[in-house]
Amino acid sequence: MTGSPIADAVFIGIVGLLVGSFLNVVIHRLPLMMEQQWAAECVQYAQDRGLLPAGSQAAEEKAERFNLWTPRSRCPSCGHAIRWFENVPVFSWLALRGRCSSCKAPISARYPLVELATGALFYACGTKWGWTATTVAWCAFCAALVALTFIDWDTTLLPDDITLPLLWGGLLASAAGLTAVPLTEAVAGAAAGYLSLWTVYWSFKLATGKEGMGYGDFKLFAALGAWFGWQALVPIILLASVIGALVGIAMKFASSLRDGKYVPFGPFLAGGGFAALLWGPGRIMQAVFSALGLA
């Protein structure tokens, strides 16, 4: 756009900071919106079967609208509405010294970290592909993975509202020639990604009677197969498994595992996707084998 590759990449990185600010909203609100939807469906189910009187949702319907756009962002401690100059990515957090301007309650450092991570990923895409449609496609891929990473870590949910568009986006990007993966390999990758983890899930459940992962993991792995092709699935799952195991062991020794002693797998699958984007599947295999002392 500017004629300078570096300037273009910096501009794309700044766009990434802004997108990261919006992703913070998505990460916080989308799970709450899903819970509201589930609650409404439960009430409707009970009403349809005469278990609740009609109109039981009247109070809820009069409540304030809640979605990704409404209401305005607020301090969770005092309800202070965030003004535009308090919502500038990274810089506002630094200027406020990580505290609410009204009540001085601490603001999590994760907000600027999400913005910085998204900006860095967008910058990397801009550096690699310049100001092109390919960059737009891969930036969308990165934004989706960032949101999924933190939502799954917080809630163990991988929303269909993100995983399914990510899957279809990979197939469409392949069909449009925006990835280096032929459409046949993208379709094969999506199918292999889903079926492989589906098989692991049912094998584990039949053997132990327990669920080792959720269906969202199948869909996320299918999406990664659509974006990178079936050949990349083994490097991605190896990296995700090794890092996930190391993090799980560290959390166990630190007594920081949650109730149920689980560690969500989605963030590590997403990490494998980021690694495949930045370094390529071949280098992932080399790194994994080196870490395991097999290289």
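The text that follows walks through the structure, step by step, so that each part is easy to find.

Thresholds, definitions, all that
- Residues numbered from 1 in each chain as written.
- Predicted model: local features only at pLDDT ≥ 70, side-chain atom pairs only at ≥ 80, totals over all residues.
- Heavy atoms only, no water.
- Patch = residues over 30% accessible without salt bridge, like charges linked within 9 Å, V, L, I, M, F, W, Y side chains within 5 Å.
- Areas by Shrake-Rupley, 256 points an atom, 1.4 Å probe, with all protein chains shown as cover.
- Salt bridge = Lys/Arg side-chain N within 4 Å of Asp/Glu carboxyl O.
- Helix = DSSP H or I, 4+ residues; strand = E, 2+ residues; numbered from the N terminus.
- Buried < 20%, exposed > 50% of the residue type's maximum accessible area, 1.4 Å probe, protein only.
- Axes fitted to C-alpha atoms, helices over the stretch in contact; angles between N-to-C directions.
- Parallel < 35°, antiparallel > 145°, perpendicular 65-115°, else oblique.
- Left-handed = near helix turned anticlockwise from the far one by under 90°.
- Contact = heavy atoms within 4.5 Å.
- Nonpolar A, V, L, I, M, F, W, Y, C, P; charged D, E, K, R; others polar.
- Core = buried A, V, L, I, M, F, W, Y, C linked by side-chain atoms within 4.5 Å.
- Expected span 1.5 Å × (residues − 1).
- Phe/Tyr/Trp six-rings, centres within 6.5 Å; stacked < 30°, edge-to-face > 60°.
- Polar contact = N/O pair within 3.5 Å; in protein donor to acceptor, adjacent residues only side chain to side chain.
- Disulfide = S-S within 2.5 Å.

1. So, a nonpolar patch on the surface
Together, I6, V10, I14, L18 and Y123 line one region of the surface with nonpolar side chains, adding up to about 480 Å² of accessible area. No other element matches helix α1 (residues 5–48), which puts four residues into the nonpolar patch. Look at V10 and you get partly exposed, because its relative accessible area is 40%.

2. Focus on the packing of helix α8 (residues 215–228) against helix α9 (residues 233–253)
Direction vectors running N to C along α8 and α9 enclose 135°, while the axes themselves pass 10 Å from each other. The orientation of α8 relative to α9 falls into the category oblique. The crossing of α8 and α9 is right-handed. Contact residues: α8 offers F221, L224, G225 and F228, while α9 offers L233, I236 and I237. Looking at side-chain class alone, the contact of α8 with α9 contains six nonpolar, one polar and no charged residues.

3. A short note on the pattern of salt bridges
Using the criterion set out here, one finds four salt bridges in the structure. Here R83 and E86 are joined by a salt bridge, their closest N and O atoms 2.7 Å apart. The partly exposed category is assigned to R83, whose relative accessible area is 36%. By relative accessible area, E86 is classed as buried at 10%. Here R110 and D154 are joined by a salt bridge, their closest N and O atoms 2.7 Å apart. With a gap of 44 residues between them, R110 in helix α4 (residues 110–129) and D154 in helix α5 (residues 133–155) connect regions that are remote in the sequence.

4. Quick notes on the nonpolar core
Ranked by size, the top nonpolar core spans 57 residues in total, and within it F141, L145, L166, L224 and F228 carry the most contacts. F228 has contacts with W138, F141, V181, I236, G273, A276 and L277, leaving out every residue within four places of it along the chain.

5. Some details on helix α10 (residues 266–278)
Here α10 spans 18 Å end to end across 13 residues, near enough to the 18 Å set by a 1.5 Å rise per residue. Here α10 has its buried residues at G266, P267, F268, L269, A270, G272, G273, F274, A275, A276 and L277.

6. Remarks on the packing of aromatic side chains
Scanning all chains against the criterion turns up 14 aromatic pairs. Aromatic side chains W129 and W138 sit 5.8 Å apart centroid to centroid with 10° between the ring planes, which places their arrangement in the stacked category. In this structure W129 comes out as partly exposed when scored by relative accessible area, which is 26%. Given the relative accessible area of 5%, W138 is considered buried. Judged by centre distance (4.8 Å) and plane angle (40°), the rings of Y215 and F218 are tilted. Here Y215 pairs with F218, and both are found in helix α8, just three residues apart, close to one helical turn. What makes F218 buried here is its relative accessible area of 0%.

7. Looking at the environment of T149
Along the chain, T149 falls in helix α5. Separated by 121 residues in sequence, T149 and H28 have C-alpha atoms that sit 12 Å apart. Apart from residues lying up to four places away in sequence, T149 is in contact with P267, A270 and F274. At 2.7 Å, the side chain of T149 and the backbone oxygen of L145 are in polar contact.

8. Here we look at α9
The first and last C-alpha atoms of α9 sit 30 Å apart over 21 residues, in line with the 30 Å expected at 1.5 Å per residue. For α9, every residue scored as buried is listed here: L233, P235, I236, L239, A240, G244, G248 and M251. Within two residues after α9, S255 carries a phi angle of roughly 55°, on the positive side.

9. Brief notes about the packing of α1 against α4
Where α1 contacts α4, the axes come no closer than 7 Å and their chain directions differ by 140°. In terms of orientation, α1 and α4 fall into the oblique class. Between α1 and α4 lies a crossing of right-handed hand. In terms of residue class, the contact of α1 with α4 is made up of 13 nonpolar, nine polar and two charged.

10. Quick word on the environment of A40
Tracing the backbone through its elements, the reader meets A40 in helix α1. According to the relative accessible area criterion, A40 is partly exposed, its value standing at 25%. Sequence-wise, A40 and F85 are 45 residues apart; in three dimensions their C-alpha atoms are separated by 36 Å.

11. Here we look at the state of the cysteines
This model, assessed by the stated rule, comprises zero disulfides. Cysteine C75 is unpaired, with the sulfur of C100 as its nearest cysteine sulfur at 3.7 Å. Owing to a relative accessible area of 9%, C75 belongs among the buried residues under this scheme. Considering cysteine sulfurs only, C142 is the nearest to C125, which forms no disulfide, with 4.0 Å between them.

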